[in-house]
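Letter by letter, the chains look like this.
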Amino acid sequence: MAEHPKKAQRANARKGSRDMLSRVRKAWGESPFYQAQLKGPAPDRLLFQPDDPYTPDKAVALSLAKGRLAIGDEAIDCEGELDKIWDLPSVGGPLNAYLHEFSWLRHLSALGEDGKEPARVLMTSWLDRYERWSSESWEPFFVSERLIQLCAHHPLLLSGRDALWRSRVLACMARQTRHLARTAHRSMNGFDRLMTALGLGIAGYSLPGCEGPAERGLAMARRELRIQLRPDGGHVSRNPSRQLKLALRLQALLKAIEARGFQPPGFLRHMVQRASAMATFFRCPDGRLAVFNGGYEDDSRALISVQTNAETDLGPVDFARHSGYHKLSSARGLLIVDTADDGNLGHKSAGSMHFSSGRARIITNCGNGTHRGAVWRRALEQRDAHSALAFTEDFPAFQFKEISHRRGEDVAGQLLEFERKLQSQQGTEAVYLRRLFLSANGANLRGEDVIDGLSADEYQGVLWRFHLHPEVRASLARDKKSVILLLPTKEGWRFKSNCPDLLLDKSVYCGCGGAPTASEQIVIRASAYPKPESAVFRAKWALQRLDTM
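An account of the accompanying structure is given in this report. (Residues numbered from 1 in each chain as written. Predicted model: local features only at pLDDT ≥ 70, side-chain atom pairs only at ≥ 80, totals over all residues. Heavy atoms only, no water.)

1. Some remarks on the overall build of the chain
Inference 1: Helices and strands together make up the secondary structure of the chain, namely 15 helices and 19 strands.
Inference 2: Contacts spanning at least 24 positions in sequence make up 65% of the contacts within the chain whose residues lie at least 6 apart.
Inference 3: Accessible surface for the chain amounts to roughly 24200 Å². Of this, 50% is attributable to carbon and sulfur atoms. (Helix = DSSP H or I, 4+ residues; strand = E, 2+ residues; numbered from the N terminus. Contact = heavy atoms within 4.5 Å. Areas by Shrake-Rupley, 256 points an atom, 1.4 Å probe, with all protein chains shown as cover.)

Set out below in structure tokens:
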């Protein structure tokens, strides 16, 4: 008990130090001395316009033009007075980030001429508030994302306008680029630092007179890539959406350097190839990404852009050794399995899987709740939010140990085995083994989940969840030993098991990045089986297409 006051004192001391540092930075950033350091050649045009491959949403643009915007759980309505929209969102929320990153420019660009006026109103009101340094809007990651959007969509703001307006916008962009060259290292986390460095490089090569900051960004990106990019090209977060964004940003930087007539460094081209290949690893037949480790289905157009702009043929890769993913594909069937150790990661996803048939997703994970706030984020990081082994709340605490995996293939199909050791607080050890077999015609996925080493009472807290995509309609058979699944493509599938009492329960899906969507999940409970007579428990199941049964 005596330690708690000391911990509180240390926490208060750290908070006081952060507050003091924040006040010092604010005073320095607003000072005329720092503003003088941001002066430099005033650009009169952009030398490079990066592509924005993400699909715009006209509905978002039309709503924003009327002063209404909703991101996550936040919504604002300025009743048509767009110049006041910057005063409404709460600082630190997703809506505030969305506005200051200028992500809305993508959507307004889709309106063509109709998007110019609301874009210029928003830009003018932003300049009136934040043209000079601001602790709220000039945070390094915000600046980087904003510069990328301004470079990509600058015709929407500059075409047909007078020289004074063009000079004001371009001069502000140049000042932000020089500011970013001094502060990019302050980004909050590793991925943000990497994106900030790449954004600095792209903006610097796009604006005349900012080659110095661009070189700084390139050097910082090289350092961060050495730390964050694994040998197989995967980002250390193992997040498919981040992987896609990284590949796109690397390709844009390479294009910017080549467009200016400079020789790209050798490491960059190699990194582009590796990151692009890993991004396409997660591509499903519907053109979007498989949902793992905080990622979303994301944008099919962006994924096509990665494949199109890759300089080498990105052939099929079935095993990402360093990132910890296996992919089994046969005919219309696609199975992706997470085989990495999740002990130090946010999402407890080891052993989870994605399965689809053609363009229809069948089994998936619940997605990412970050855009819905901390409560949703924590809930969707748990094992229960993944199509994998899970436990009831009263299950005794086990420590997850080392993982091994192996695969094989013959004319009948492909086999993947995932094995993990568990250890209780008392030192008792158990072994969990998941076997997955995908037939050669892609119409039969069979699984066997084995646990060896638990007591008969401990088995009562073990279960396996199979989260279904929201577009799948499920019906539990009367004998509760099978579930009929109807896909949006009109295919019929049957999930059956040796479990005497399958459970079809409610679930939720946040894999599209918007509002949570109601879905269902199939649950195999060890408690539904007769108590095992030995220390080995086996749950067997199969997912078969009806026209092949």
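2. A look at the environment of Pro470
Inference 1: By the secondary structure assignment, Pro470 is in the loop between strand S13 (462-468) and strand S14 (473-476).
Inference 2: On the basis of relative accessible area, Pro470 is assigned to the partly exposed category, the value being 26%.
Inference 3: Residues Pro470 and Gly492, 22 residues apart in the sequence, show an inter-C-alpha distance of 15 Å.
Inference 4: Pro470 has contacts with Tyr509, Thr517, Ala518 and Ser519, leaving out every residue within four places of it along the chain. (Buried < 20%, exposed > 50% of the residue type's maximum accessible area, 1.4 Å probe, protein only.)

3. Some words on the packing of helix H10 (residues 190-206) against helix H11 (residues 211-228)
Inference 1: One can describe the packing of H10 onto H11 by two numbers: an axis separation of 7 Å at closest approach and a directional angle of 150°. Classified by the angle their axes make, H10 and H11 are roughly antiparallel. Note that H10 runs across H11; the crossing there is left-handed. Along its contact with H10, which presents Gly190, Phe191, Arg193, Leu194, Ala197, Leu198, Leu200, Gly201, Gly204 and Tyr205, the element H11 presents Glu211, Pro213, Ala214, Glu215, Arg216, Gly217, Leu218, Met220, Ala221, Glu224, Leu225 and Gln228.
Inference 2: Grouping the amino acids of the contact of H10 with H11 by side-chain chemistry returns 12 nonpolar, 5 polar and 5 charged. (Axes fitted to C-alpha atoms, helices over the stretch in contact; angles between N-to-C directions. Parallel < 35°, antiparallel > 145°, perpendicular 65-115°, else oblique. Left-handed = near helix turned anticlockwise from the far one by under 90°. Nonpolar A, V, L, I, M, F, W, Y, C, P; charged D, E, K, R; others polar.)

4. Describing the sheet that holds strand S12 (residues 444-452)
Inference 1: Spatial ordering of the open sheet is given by S9-S10-S11-S12-S19-S16-S15-S14, a layout of 8 strands whose pairing is antiparallel. Each edge of the open sheet is held by one strand with a lone partner, namely strand S9 (398-410) and S14. Taken over all neighbouring pairs, the strand axes of this sheet differ in orientation by 15° on average, direction set aside.
Inference 2: Across 9 bridges, S12 lies against strand S19 (residues 536-545) in antiparallel orientation. If you follow Glu448 over to S19, its bridge partner there is Lys540. (Pairing = 2+ DSSP bridges.)

5. A few points about the pairing of strand S4 (residues 325-330)
Inference 1: For S4, a buried count of 5 out of 6 residues is recorded, marking the element as mostly surrounded by other parts of the structure.
Inference 2: One ladder, built from 2 bridges, connects strand S3 (residues 319-320) with S4; its direction is antiparallel. Paired with Phe319 across the bridge in S4 is His326.
Inference 3: Turn length for the S3-S4 hairpin, with the two strands adjacent in sequence and antiparallel, is 4 residues, and the turn residue Gly324 shows positive phi of about 85°.
Inference 4: Note: S4 against strand S5 (residues 333-338), 6 bridges, orientation antiparallel. Within the sheet, the bridge partner assigned to Lys327 lies in S5 and is Ile336.
Inference 5: With antiparallel pairing between neighbouring strands as the criterion, S4 and S5 make up a hairpin whose turn holds 2 residues, including Ala331 at a positive phi of roughly 50°.

6. Quick notes on helix H9 (residues 163-183)
Inference 1: Here H9 contains 21 residues, and its C-alpha end-to-end distance of 30 Å stays within 8% of the 30 Å for a straight helix at 1.5 Å per residue.
Inference 2: Here H9 lies mainly inside the structure; 15 of its 21 residues are buried.
Inference 3: Put simply, Asp162 is the residue that caps the front of H9, since its side-chain oxygen is 3.1 Å from the backbone nitrogen of Leu164. (Expected span 1.5 Å × (residues − 1). Polar contact = N/O pair within 3.5 Å; in protein donor to acceptor, adjacent residues only side chain to side chain.)

7. Description of the pattern of salt bridges
Inference 1: Within the structure shown, the criterion is met by 34 salt bridges.
Inference 2: The shortest N-O distance in the salt bridge between Lys116 and Glu113 comes to 3.0 Å.
Inference 3: Assessed through its relative accessible area of 16%, Lys116 is described here as buried.
Inference 4: The partner of Glu131 in a salt bridge is Arg175, with the nearest N and O atoms 3.6 Å apart. Note that Glu131 is positioned in the loop between helix H6 (116-130) and helix H7 (140-152) and Arg175 in helix H9, a separation of 44 residues in sequence.
Inference 5: If you follow the salt bridges from partner to partner, you end up with Arg406, Glu417, Glu419, Arg435, Glu448 and Arg538 in one network. (Salt bridge = Lys/Arg side-chain N within 4 Å of Asp/Glu carboxyl O.)

8. With respect to the layout of surface pockets
Inference 1: Of the voids in this model, the second largest pocket is the one considered here, and its volume is about 310 Å³.
Inference 2: Lining the second largest pocket are 14 residues; nearest its centre among them are Gln382, Arg383, Asp384, Phe391 and Thr392.
Inference 3: Contributing elements (two or more residues each) for the lining of the second largest pocket: strand S8 (389-391) and S9.
Inference 4: Class assignment of the residues belonging to the lining of the second largest pocket gives a composition of 7 nonpolar, 2 polar and 5 charged. (1 Å grid on protein atoms, 1.4 Å probe; cavity = no way out; pocket = protein on both sides within 12 Å on 5 of 7 lines; lining within 4 Å. Points joined across faces, edges and corners; volume = space filled by probe spheres on them.)

9. Observations concerning helix H14 (residues 300-309)
Inference 1: Every buried residue of H14 is listed here: Ala302, Leu303, Ser305 and Val306. Along H14, the residues classed as buried sweep out an arc of 155° about the axis, all on the same side.
Inference 2: Two or three places before Arg301, at the opening of H14, Asp299 has a side-chain oxygen 2.8 Å from that residue's backbone nitrogen. (Arc of directions from axis to C-beta.)

10. A closer look at the packing of aromatic side chains
Inference 1: Applying the stated rule across the entire model yields 22 aromatic pairs.
Inference 2: Arranged with centres 5.8 Å apart and planes meeting at 50°, the rings of Tyr205 and Phe262 form a pair that is tilted. With Tyr205 in helix H10 and Phe262 in the loop between helix H12 (240-259) and helix H13 (266-281), this pair connects stretches of sequence that are 57 residues apart.
Inference 3: When the ring of Phe391 is compared with that of Phe395, the centres are 4.3 Å apart and the planes differ by 20°; the resulting orientation is stacked. Comparing Phe391 with Phe395 shows no difference in burial state: the two are buried. (Phe/Tyr/Trp six-rings, centres within 6.5 Å; stacked < 30°, edge-to-face > 60°.)

11. A word on empty space enclosed by the protein
Inference 1: With the rule as written, the count across this model stands at 3 cavities of 30 Å³ or more.
Inference 2: A volume near 60 Å³ is recorded for the largest cavity.
Inference 3: The wall of the largest cavity is formed by Ala350, Arg383, Leu389, Phe400, Phe418, Arg420 and Tyr432.

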